[in-house]
Amino acid sequence: MSAPPATGLLVIGDVVTDVVALHDGPPATGTDTPADIALRPGGSGANTASWAARLGADTRLLARAGYDTGDWHAAELTKAGVRPHLRIDPERPSAVVIAMVDASGERSMLTNRGASGHIGVDDWAPGLLDGVGHLHLSAYTMFAGPGLELARLAMREAAGRGVPVSVDPASCGPLREFGRERFLRETAPASIVIPNQEEALLLSGASDPDTAGQVLSARYGTAVVKLGADGALLARGGRIVARAPAPPAAVIDSTGAGDAFAAGFLAATLAGGTPEEALRTGCEAGAMAVAQVGGRPKSGNFTLLTPIAGLRRKLHH
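These lines cover the structure that appears in this document, whether it is placed above or below. The structure presented is a predicted model; accordingly, all values stated were derived computationally and were not measured. (Residues numbered from 1 in each chain as written. Predicted model: local features only at pLDDT ≥ 70, side-chain atom pairs only at ≥ 80, totals over all residues. Heavy atoms only, no water.)

## A short note on the packing of aromatic side chains
Here the structure, examined in full by the defined rule, presents three aromatic pairs. Seen in terms of ring centroids, Y140 and F143 are 6.4 Å apart; in terms of plane orientation they differ by 80 degrees. Their pairing is edge-to-face. On the accessibility criterion, Y140 (21% relative accessible area) is partly exposed. Here the aromatic rings of F261 and F265 are separated by 6.5 Å at their centres, their planes lie at 10 degrees, and the arrangement is stacked. You can see F261 and its partner F265 sitting in helix α8 (residues 257-270), four residues apart, about one turn around the helix. For F261, a relative accessible area of 5% puts it in the buried group. Overall, the relative accessible area of 3% leaves F265 in the buried class. In textbook terms, an aromatic cluster arises when at least three aromatic residues are bridged by ring pairs, as seen for Y140, F143 and F178. Positioned above the aromatic ring of F178 is the side chain of R182, whose terminal nitrogen or guanidinium carbon lies 4.0 Å from the ring centre. (Phe/Tyr/Trp six-rings, centres within 6.5 Å; stacked < 30°, edge-to-face > 60°. Buried < 20%, exposed > 50% of the residue type's maximum accessible area, 1.4 Å probe, protein only. Helix = DSSP H or I, 4+ residues; strand = E, 2+ residues; numbered from the N terminus. Lys NZ or Arg CZ within 6 Å of the ring centre and 35° of its normal.)

Here's what the structure looks like:
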């Protein structure tokens, strides 16, 4: 009898200390603006890893944190069920994002990349891929030279083991600065790309998300386009093959919604779900994320996502 397929998920990304400020109107210049302010563990890669672990995936995270809050980040990841491979940088603080969230849930962010901006090939070990069935990259890692070298190495070693790779383009601002063609070239080893609508339009040059998904899937193999309140679509080989609506959600804070979606999609895919099931799980996770403050899952019962257990039974039988 052959061994069951490896189902572990390795995420390479960032850990960030999020300072989330919820305010009703535009910040007043030169004076105080009342706000509810919360300190949360965050970071696109760490958020995705935490949601995936919370959904039952065997999840590992490769990241770098700073001397100031590294132990706290490691403890929070472990508490979420993630296996952290977290290097503590003795010379730099952890990354910090100040997220100003308005009454609609939309964010404006001030970012200091800190230690996360210095992760590189020295953080890598081939054993990180042991038991891994999928490698997921947050493109924030690629936007600095050392992180780009790490991404190249990780994708090369994943290809050598037959481990599929997905990439989340991260954010349009740094993506534009990095360069569209350069990004497409550097992420060519990936077989799945998971952009939001704005990122999909930027990378594809298309004017609508359906065409963008088709164009990107012809390049990568699979494109999963996050459409916010309109759900998500999945295209393969230049053709849209699945869609899912977004569940109703009371939007409080959109921080981490895309990360939660990616986690739900990947966890369901690793558990043997169909494209429709994976999209639906991603949308459900995203809806849960926007209904709370911060980008990580809260403790409690995730009733909408219990079908993942059933998907896993289907995979192994």
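Read on for the rest.
## Some words on the layout of surface pockets
The calculated volume of the second largest pocket comes to roughly 280 Å³. Lining the second largest pocket are 11 residues; nearest its centre among them are E76, K79, R296, P297 and K298. Of all the secondary-structure elements, those providing two or more residues to the lining of the second largest pocket are β3 (36-42), α1 (44-54) and α2 (70-79). A breakdown of the residues in the lining of the second largest pocket according to their chemical character gives three nonpolar, two polar and six charged. (1 Å grid on protein atoms, 1.4 Å probe; cavity = no way out; pocket = protein on both sides within 12 Å on 5 of 7 lines; lining within 4 Å. Points joined across faces, edges and corners; volume = space filled by probe spheres on them. Nonpolar A, V, L, I, M, F, W, Y, C, P; charged D, E, K, R; others polar.)

## A closer look at the pairing of strand β13 (residues 239-244)
Across five bridges, strand β12 (residues 232-236) lies against β13 in antiparallel orientation. The residue bridging L234 from the neighbouring strand is A242, located in β13. Linking β12 to β13, which pair antiparallel, is a turn of two residues; within it G237 sits at a positive phi near 55 degrees. (Pairing = 2+ DSSP bridges.)

## A closer look at unusual backbone geometry
Backbone geometry places A170, a non-glycine residue, at a positive phi of 85 degrees. Of note, A170 is situated in the loop between β9 (165-168) and α4 (172-178).

## Here's the deal with the sheet that holds strand β8 (residues 132-138)
Strand order in the open sheet formed by nine strands is β5-β4-β1-β8-β9-β10-β11-β12-β13, and the pairing between neighbours is mixed. Both edges of this open sheet fall to β5 (83-89) and β13, since each of them pairs with a single strand only.

## Remarks on the environment of L61
Mapped onto the elements of the fold, L61 is located in strand β4 (residues 59-66). Exposure remark for L61: the relative accessible area of 1% places this residue in the buried category. Those residues in contact with L61 that lie beyond four places of it in its chain are L10, V11, G13, V15, G45, A46, A49, L77, V82, R83, P84 and H85. (Contact = heavy atoms within 4.5 Å.)

## Some details on helix α3 (residues 145-161)
Counted at 1.5 Å a residue, the expected span for α3 with its 17 residues is 24 Å, and the 25 Å between its end C-alpha atoms agrees. Along α3, the residues classified as buried are G147, L148, L150, A151, L153, A154, M155 and A158. Taken together, the buried residues of α3 touch β1 (8-12), β4, β8, β9, α4 and α5 (180-186). (Expected span 1.5 Å × (residues − 1).)

## Section: the pairing of β9
Side chains of β9 alternate between two faces, with V165 and V167 and S166 and D168 buried alike. Summarising the sheet, β8 and β9 pair through four bridges and their orientation is parallel. Residue S138 lies in a different strand from β9, and its bridge partner there is D168. Note on the crossover from β8 through α3 to β9: the handedness is right-handed. With two bridges connecting them, β9 and strand β10 (residues 192-193) associate as parallel partners. Residue S166 lies in a different strand from β10, and its bridge partner there is I192. (Right-handed = clockwise from strand over helix to strand, strands pointing away.)

## Quick word on the nonpolar core
In terms of nonpolar packing, the biggest core is built from 41 residues, with L10, I12, L62, W124, L135, F183 and L216 touching the most fellow members. Element by element, the count of residues in this core is highest for α3, at seven residues. Excluding anything up to four places from it in sequence, L10 contacts R60, L61, L62, W124, L128, L129, V132, H134, L135 and H136. One finds L77, A257, L279 and A285 within the second-largest nonpolar core, a separate group that totals 39 residues. (Core = buried A, V, L, I, M, F, W, Y, C linked by side-chain atoms within 4.5 Å.)

## As for the packing of helix α6 (residues 197-204) against helix α7 (residues 209-220)
Relative orientation of the contacting elements α6 and α7 amounts to 55 degrees, with a least axis distance of 9 Å. Regarding the angle of α6 to α7, the classification is oblique. Our pair here, α6 against α7, has a crossing hand that is left-handed. Every residue of α7 that contacts α6 at Q197, A200, L201, L203 and S204 is listed here: P209, A212, V215 and L216. (Axes fitted to C-alpha atoms, helices over the stretch in contact; angles between N-to-C directions. Parallel < 35°, antiparallel > 145°, perpendicular 65-115°, else oblique. Left-handed = near helix turned anticlockwise from the far one by under 90°.)

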